[in-house]
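Here are the chains, one letter per residue:
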Amino acid sequence: MIEVENLHKKFGKNAVLTGLSLKVEGGGIYAVLGPNGSGKTTLIKSILGMVVPDQGLIRVNGQPTHRKWKYREELSYLPQIANFPGNLSVSELLDMIVDLRRQPARQQELIAEFGLEPFLNKKLSNLSGGTRQKVNLALTFMFDSPVYILDEPTNGLDPASLIRLKERIRLEQSRGKLFLVTTHIMQFVEELADEVIYLLEGKIYFKGTLEALRQRTGQNDVEHAIAAISTQEPNA
Amino acid sequence: MLKILKYSFYDLMRSRWSYVYFLFYLALGFVLLFLNNDLSKAVITLMNIIVVLVPLIGTIFGIMYYYNSREFTELLLALPVRRSSIFLGQYFGVAGSLSLSLLLGLGIPFAAYGLFRSGAVWDFGLLLVTGAFLTLIFTALSFNIALANENRIKGFGYAVLLWLLLAVIYDGLFLLSLILLEEYPLDNFSLAATLLNPVDLSRTLILLKLDISALMGYTGAVFKEFFGTHMGLLVSLGALVLWTCLPIWRLAVRCRKQDF
């Protein structure tokens, strides 16, 4: 369970989050949407403790997260830009993260799933963007966490890998895991998301199911519904 | 923290730069011994180089490592690891591998030359210890600067400026103030000014250990009286330790407030 209360964050003069409150419970896939610069990544990074909020409270499983680190054992995070230390090989990186997390990992399963065997001994700096993203995905799903936080998971993936990613997400969903996913790919949202969280100007503008979103905007197509939502008055 | 230290250390041990640094000191040691043909003289020349160069390398290496490993740091920040462990682990990885390069690079040629059979072994030992201290101090200072500046060019500029200030400009200002204030008794002032700069402190410590403080005239006598005693040695070592601990402590505190 993740609870966010009245979260404020400024970067310099730029107020990114302005009193955001959010509560997500149980399992399910929550798509975090919003225009560029609406604070999606900042929200995610605040939950992870990478960004220190100016004001507000975040609880993961009832425990406040401020200046804590142990709670991150419950979280798996997929960063938006998959940059890794260049002079490590893929298998060294995977081993290192397993060693640092000190949690059981299904390493081989994920290596096979994303077809990473041929790259295991290659240096990370020599990999293509798509392959790096697959390494990134393997790193994230290697651990059996109750909460997965994915920032633009579809970046640079080929169709075959995209299908595998969706299958993996569905599998974890069926195991009752909680997902927070940011994406700009509406097809992805339509196929997978249970609920949509729409951010605008640092606040939650809409939170609800896709059906509710369609009804409210009068648009059948999700892409159009999302585009239409920000032009309406908020009531969520 | 130890795990992060281990990985940072391995990472550096594989990078070309640690070896360049090591080979540089190795070559320097051999060349100095070859040219001077005398251990004690080589130690003096070496001191002049170490006191200026070690801070420079520590600063530049520290700042480069921090900026280059930013992605790695971000990866670590999302893991269940304490923040201060991440930064302190990386810091000790860099400072440790630099100190090791210095120790081995200089130790090997001097040991091969017969250091342990000569009387200069303690002087040389002190030289290496101060070298290690300077590495720790300046790497910590550069990590602090890097943490405060997201812009690499700015961070790099500030770091080089800091080195220039402590290793070069400080001495100039110090001398200038001695000349301007020559009518006043300056013993305590110059002692304090020396203690406040780790570069000067190291230099003075080594010079006094080498027993050539007579070259420094009256001030030298005052220094000898102060540094030569047990008390003086303790105070100066304490100042070096303080210079090491303060930036490390600040690093540990400051990193908790940083956004990534």
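Higher on the page you've got the structure.
Attention in this report is confined to the structure presented alongside it. (Residues numbered from 1 in each chain as written. Chains lettered and ligands numbered in written order. Predicted model: local features only at pLDDT ≥ 70, side-chain atom pairs only at ≥ 80, totals over all residues. Heavy atoms only, no water.)

Glancing now at the pattern of salt bridges. All names here are of chain A. With the rule as written, the count across this model stands at 24 salt bridges over all chains. For the salt bridge of Glu191 with Arg170, the shortest nitrogen-to-oxygen distance reads 3.7 Å. Of this pair, Glu191 sits in helix α6 (residues 186-192) while Arg170 is found in helix α5 (residues 159-174), placing the two residues 21 residues apart along the sequence. Classification of Arg170 by relative accessible area gives partly exposed; the value is 37%. In this structure, Lys177 engages Glu172 in a salt bridge whose closest nitrogen and oxygen atoms are separated by 3.1 Å. No difference in accessibility class separates Lys177 from Glu172, as the two residues are buried. A single salt-bridge network, built from bridges that share partners, covers Arg106, Glu109, Glu113, Asp144, Arg168, Glu172, Arg175 and Lys177. (Salt bridge = Lys/Arg side-chain N within 4 Å of Asp/Glu carboxyl O. Helix = DSSP H or I, 4+ residues; strand = E, 2+ residues; numbered from the N terminus. Buried < 20%, exposed > 50% of the residue type's maximum accessible area, 1.4 Å probe, protein only.)

Turn by turn, an α-helix covers 3.6 residues, leaving residues three or four places apart pointing in a common direction. The end-to-end C-alpha separation of helix α2 (residues 90-101) of chain A is 17 Å, in line with the 16 Å expected for 12 residues at 1.5 Å each. Within α2 of chain A, burial applies to Val90, Ser91, Leu93, Leu94, Met96, Ile97, Leu100 and Arg101 of chain A. Structurally, α2 of chain A contributes buried residues whose contacts are with β6 (75-78), α3 (107-113) and α4 (129-141) of chain A together with α1 (2-14) and α4 (70-77) of chain B. Just beyond α2 of chain A, the residue with positive phi is Arg102 of chain A, at close to 50°. (Expected span 1.5 Å × (residues − 1). Contact = heavy atoms within 4.5 Å.)

Here we take up the interface of chain A and chain B. Think of interface size as the accessible area that goes away when the parts come together; that is how it is often given. Counting residues at the interface gives 30 residues for chain A, matched by 23 residues for chain B. In terms of surface lost to chain B, no three residues of chain A exceed Met50, Trp69 and Leu100 of chain A, which account for 26% of the buried area on that side. In this structure, the connection of chain A to chain B is made through 3 salt bridges. A salt bridge links Lys6 of chain B to Asp99 of chain A, with the shortest nitrogen-to-oxygen separation between them at 3.6 Å. The interface formed by chain A and chain B contains 11 residue pairs in polar contact (both at pLDDT 80 or more). Contributing elements (two or more residues each) for the side of chain A that touches chain B: β1 (2-11), α1 (40-48) and α2 of chain A. A per-element tally of the side of chain A that touches chain B places α2 of chain A first, with 8 residues. (Buried area = accessible area lost by both parts, 1.4 Å probe. Polar contact = N/O pair within 3.5 Å; in protein donor to acceptor, adjacent residues only side chain to side chain.)

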